[in-house]
Amino acid sequence: MPPDTPRGSVSLLPVRPCLLVVVTLVSVLQNAFFALKVEKESSSSAFERVCCANRNCMDAYSTFLALMWCAGLCLSQVPAAFAGLVYLVVRHKYFVGYMGQSCQSTPCFLFGKRVLFFMMLMCVVGIVNFLLLRFCGSDYNKELLETLTKAATALLLIP
């Protein structure tokens, strides 16, 4: 618990959310890469596909950021950052697959939704744990929650 937090109060923020910041910066670089791809396309059909892939990626971007930060701050930073990196890899594969044929991007789209769902579950568990601690005075065992979260993160790698 940070030194400026009064005794008996609950702190949601980790001391330094460095991993979440790094994943956020990588995602910003990825967005810049996607924007450059849109600018470089000259043919009409390829431009439409790249522009549509970029728009689809940007539509889910705010949801991704909100879920990753909420999961990292409310439950555990390491699994949330790992899930964020997995999501960025899947989003890149989706973008590249969409440039070829849209049917090539469908598996990546579905896997990306699965990663977002995992981060949403992390958020819910973290918020419920915070509310139990705040209003009931008891919470789940923090080590147990982190162990379960890390184990579930490995399940993300199973197709």
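The following refers to the structure shown. Bear in mind that the values here come from a model prediction, so they are computed numbers and not experimental data.

Rules behind the numbers
- Residues numbered from 1 in each chain as written.
- Predicted model: local features only at pLDDT ≥ 70, side-chain atom pairs only at ≥ 80, totals over all residues.
- Heavy atoms only, no water.
- Helix = DSSP H or I, 4+ residues; strand = E, 2+ residues; numbered from the N terminus.
- Buried < 20%, exposed > 50% of the residue type's maximum accessible area, 1.4 Å probe, protein only.
- Contact = heavy atoms within 4.5 Å.
- Areas by Shrake-Rupley, 256 points an atom, 1.4 Å probe, with all protein chains shown as cover.
- Phe/Tyr/Trp six-rings, centres within 6.5 Å; stacked < 30°, edge-to-face > 60°.
- Patch = residues over 30% accessible without salt bridge, like charges linked within 9 Å, V, L, I, M, F, W, Y side chains within 5 Å.
- Salt bridge = Lys/Arg side-chain N within 4 Å of Asp/Glu carboxyl O.
- Expected span 1.5 Å × (residues − 1).

**Remarks on the overall build of the chain**
Next up, step 1: Along the backbone of the chain there are six helices and zero strands.
Next up, step 2: Overall, the chain shows an N-to-C arrangement of helices and strands of α-α-α-α-α-α.
Next up, step 3: Counting across all 159 residues of the chain, residues that qualify as buried make up 35%.
Next up, step 4: Of the contacts made within the chain by residues no fewer than 6 positions apart, 77% connect residues no fewer than 24 positions apart.
Next up, step 5: Of the roughly 9,400 Å² of accessible surface on the chain, 68% is carried by carbon and sulfur atoms.

**Concerning the packing of aromatic side chains**
Next up, step 1: Scanning all chains against the criterion turns up six aromatic pairs.
Next up, step 2: Between the aromatic rings of Phe-33 and Phe-34, the centroid separation amounts to 6.0 Å while the plane-to-plane angle is 55°, which identifies the pairing as tilted.
Next up, step 3: Its relative accessible area of 35% is what places Phe-33 among the partly exposed residues.
Next up, step 4: Using a relative accessible area of 0% as the deciding quantity, one classes Phe-34 as buried.
Next up, step 5: With centroids separated by 4.0 Å and ring planes inclined at 15°, the aromatic side chains of Phe-34 and Phe-95 adopt a geometry described as stacked.

**What about a nonpolar patch on the surface?**
Next up, step 1: Where nonpolar side chains cluster on the molecular surface, the patch consists of Phe-117, Met-120, Leu-121, Val-124 and Val-128 and spans about 410 Å² of accessible area.
Next up, step 2: Tracing the chain through its elements places Met-120 in helix H5 (residues 106–136).
Next up, step 3: Met-120 gets classed as partly exposed once you look at its relative accessible area, which sits at 35%.

**Observations concerning helix H2 (residues 44–59)**
Next up, step 1: Between the first and last C-alpha of H2 there are 22 Å, a value that for 16 residues agrees with the 22 Å anticipated at 1.5 Å per step.
Next up, step 2: Taken residue by residue, H2 has Ala-46, Val-50, Cys-52, Ala-53, Asn-54 and Cys-57 as its buried positions.
Next up, step 3: The inward-facing, buried residues of H2 contact helix H1 (18–40), helix H3 (61–74) and helix H4 (77–100).

**A few points about the environment of Gly-112**
Next up, step 1: Residue placement: Gly-112 occurs in helix H5.
Next up, step 2: Classification of Gly-112 as buried rests on a relative accessible area of 5%.
Next up, step 3: Expressed as a C-alpha distance, the spacing of Gly-112 and Phe-64, which sit 48 residues apart in the sequence, is 9.6 Å.
Next up, step 4: Look past the residues within four positions of Gly-112 in its chain and what remains in contact with it is Tyr-87 and Val-90.

**A word on H5**
Next up, step 1: With 31 residues, H5 extends 44 Å between its outermost C-alpha atoms, agreeing within 8% with the 45 Å of an ideal straight helix rising 1.5 Å per residue.
Next up, step 2: Turning to H5, its buried residues are Cys-108, Phe-111, Gly-112, Val-115, Leu-116, Phe-118, Met-119, Met-122, Cys-123, Gly-126 and Asn-129.
Next up, step 3: A positive backbone phi angle near 80° is found at Gly-137, which sits one or two residues after H5.

**Examining the environment of Met-68**
Next up, step 1: By the element assignment, Met-68 lies in helix H3.
Next up, step 2: Residue classification places Met-68 among the buried residues on the basis of a relative accessible area of 0%.
Next up, step 3: A C-alpha to C-alpha distance of 7.0 Å links Met-68 and Ala-81, two positions 13 residues apart in sequence.
Next up, step 4: In this view, Met-68 contacts Leu-20, Val-23, Thr-24, Ala-80, Gly-84 and Met-119; residues no more than four positions away in its chain are not counted.

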